[in-house]
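# Observations on the model geometry
Residues per chain are reported as follows:
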There are 2 protein chains.
Amino acid sequence: MENALPACKGRPREFCTDQALASALRVFWSKGYEGASMADLTEAMGITKPSLYAAFGNKEALFHKALDLYEAEKLAYIREALDQPTARGVAEHLLRGALKAMTSQWEPKGCLGVIHSVACGAEAESIKAEVVARRASSQAAIVGRFQRAVDEGDLPANIDPAGLANLIFAVLQGMGVQAGSGVPSEQLQSMVDAALALWPSR
Amino acid sequence: MENALPACKGRPREFCTDQALASALRVFWSKGYEGASMADLTEAMGITKPSLYAAFGNKEALFHKALDLYEAEKLAYIREALDQPTARGVAEHLLRGALKAMTSQWEPKGCLGVIHSVACGAEAESIKAEVVARRASSQAAIVGRFQRAVDEGDLPANIDPAGLANLIFAVLQGMGVQAGSGVPSEQLQSMVDAALALWPSR
DNA sequence: AAAATTCTATACCGAGCGTTATGGAAAATG
DNA sequence: CATTTTCCATAACGCTCGGTATAGAATTTT
């Protein structure tokens, strides 16, 4: 049933689904799931409502595909951070990667995950749960990475890996809140510098 | 025109406006401005819609009064923090006060300000602007307090007061995001401990 | 060329939103 | 006790929402 083969009968689609999905992502990213109306989405995507429903199912399915795209393209820095050789490198890559992702000139400011982690209407309940679950898995990976750093002596033995991972995620989320509410990127830059200056050395 | 004198003609109001406002605050706090429908509000407040409009004006005016109440009652720890003798005391009071305020057993989890700082629909645009402005003024006060600490030698001279204030506010906001999305308070407690362990000593 | 299939576009649907008008009951004033 | 004022309750208004049915245009395969 999936459009596995583009060589199908009938009139072919007149728009690029990937491009339309990218446009939808930008709408969700800047307005949130509930704040993004179907009219907003179709206008940004350049298609009509029936085309959207035929191509993506419904609003929630469209959001899920946009979320996958976001995680694959905009959250790559989290996966890269896990590969850094030192715990400080992990933290630095997380902070600087998040800063870049949240303050791009061509993309909406802020973080799609943060927007949907805070409570809104009842219709977005399952979406919030999904976003929160994805963040929890990322956070668990960071906890494991910091635990390894403690075991290897890369981090002082007296620090709590879970607490530290929780803290750095809180900083990332706070950065998302601030970036999404108009705080200029220079201010966020100084925040990142302050955070790295405080990082437990040696 | 204000109900300055309770000794007025006609039938008196049958409900307590303060109590109703407190109930409305809890609804806004847990569902957000847009997520809180008039039906949600009137049910929680125990009054009907015309009574609400007669007593508070409209939904936005009700929110503003609830926001004032929130700031006066639940954000007292921020004003108290400014009076702490040391910068570390300020930070500790902020972090522990926020943790207590955001994880109370009898109140909604999370932070009313954070909820409305992230983008949602267009109707909440002015509300977001108001909340963001109030936070900015609090943040500016913390910057000034940290600057004083640097001048007094309470903080190392090489640190940036604005960056540090921005960082601690990001932690508070991240705490709000996490508390509002189900992270248990013990985990947030360990995050606070980790943050204070990293605080620039001496 | 003809038939079949899938596209796009317009209009509509039921539901929920914030808000307000209408009516009747209740309490204070004179 | 009568009047007046303000309350409460029901219902309706205009609007937007997500989602869909219908119909016509366009491009494929047979």
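Residues numbered from 1 in each chain as written. Chains lettered and ligands numbered in written order. Predicted model: local features only at pLDDT ≥ 70, side-chain atom pairs only at ≥ 80, totals over all residues. Heavy atoms only, no water.

Of regular secondary structure, chain A possesses ten helices and zero strands. Along its sequence from the N terminus, chain A presents helices and strands in the succession α-α-α-α-α-α-α-α-α-α. Counting every position in chain A, which comprises 202 residues, the buried fraction comes to 51%. Residue pairs at least 24 apart in sequence account for 65% of intrachain contacts in chain A once pairs closer than 6 positions are excluded. Accessible area of chain A: about 9700 Å², with a carbon and sulfur share of 55%. Of the side-chain charges in chain A, 20 are positive and 23 negative, and the distance between the mean point of each set is 3 Å. (Helix = DSSP H or I, 4+ residues; strand = E, 2+ residues; numbered from the N terminus. Buried < 20%, exposed > 50% of the residue type's maximum accessible area, 1.4 Å probe, protein only. Contact = heavy atoms within 4.5 Å. Areas by Shrake-Rupley, 256 points an atom, 1.4 Å probe, with all protein chains shown as cover. Lys, Arg positive; Asp, Glu negative; His and termini not counted. Charge placed at Lys NZ, Arg CZ, Asp CG, Glu CD.)

Contact with chain A, which involves 37 residues of that partner, is made by 37 residues of chain B. Between chain A and chain B the total buried area reaches about 3000 Å² when both faces are included, carbon and sulfur atoms providing 65% of it. Across the chain A-chain B interface, the total number found is zero salt bridges. Taken together, the connections running from chain A to chain B amount to eight residue pairs in polar contact (both at pLDDT 80 or more). Secondary-structure elements contributing two or more residues to the side of chain A that touches chain B are α1 (17–35), α7 (112–117), α8 (125–151), α9 (161–180) and α10 (185–198) of chain A. Take the side of chain A that touches chain B: its biggest share by element is 13 residues, from α9 of chain A. Here the side of chain A that touches chain B is built from residues that sort into 19 nonpolar, 14 polar and four charged. (Buried area = accessible area lost by both parts, 1.4 Å probe. Salt bridge = Lys/Arg side-chain N within 4 Å of Asp/Glu carboxyl O. Polar contact = N/O pair within 3.5 Å; in protein donor to acceptor, adjacent residues only side chain to side chain. Nonpolar A, V, L, I, M, F, W, Y, C, P; charged D, E, K, R; others polar.)

This part covers the UniProt feature "DNA-binding region" (unreviewed entry) in chain A. As recorded in UniProt, the sites labelled "DNA-binding region" (unreviewed entry) are residues 37–56 of chain A. As a span, residues 37–56 of chain A carries 80% helix and 0% strand, and end to end its C-alpha atoms are 15 Å apart. (UniProt positions renumbered as here; feature names shortened; annotations may be inferred.)

Note that predicted coordinates carrying low pLDDT should not be read in detail. Taken residue by residue, chain A gives an average pLDDT of 92. The fraction at 70 or more is 95%. Across residues 1–7 of chain A, where pLDDT falls below 50, the model places one contact with residues more than four positions away in sequence or in other chains. (pLDDT = per-residue confidence, 0-100.)

Below, the discussion takes up the domain arrangement of chain A. Size of an interface: often given as the accessible area lost when the parts come together. Residue and element names in this part refer to chain A. Along its sequence, chain A is carved into domain 1 (17–69) and domain 2 (75–198). Placing the centre of domain 1 and that of domain 2 at their C-alpha centroids yields a distance of 26 Å. Of the residues lining the interface, 13 residues belong to domain 1; the matching set on domain 2 comes to 20 residues. Together, the buried faces of domain 1 and domain 2 total about 1400 Å²; carbon and sulfur atoms form 63% of this surface. On the domain 1 side of the interface with domain 2, the three residues burying the most area are W29, E34 and L67, jointly 49% of the side's total. At the boundary of domain 1 with domain 2, the tally comes to one salt bridge. (Domains from an automatic or database assignment.)

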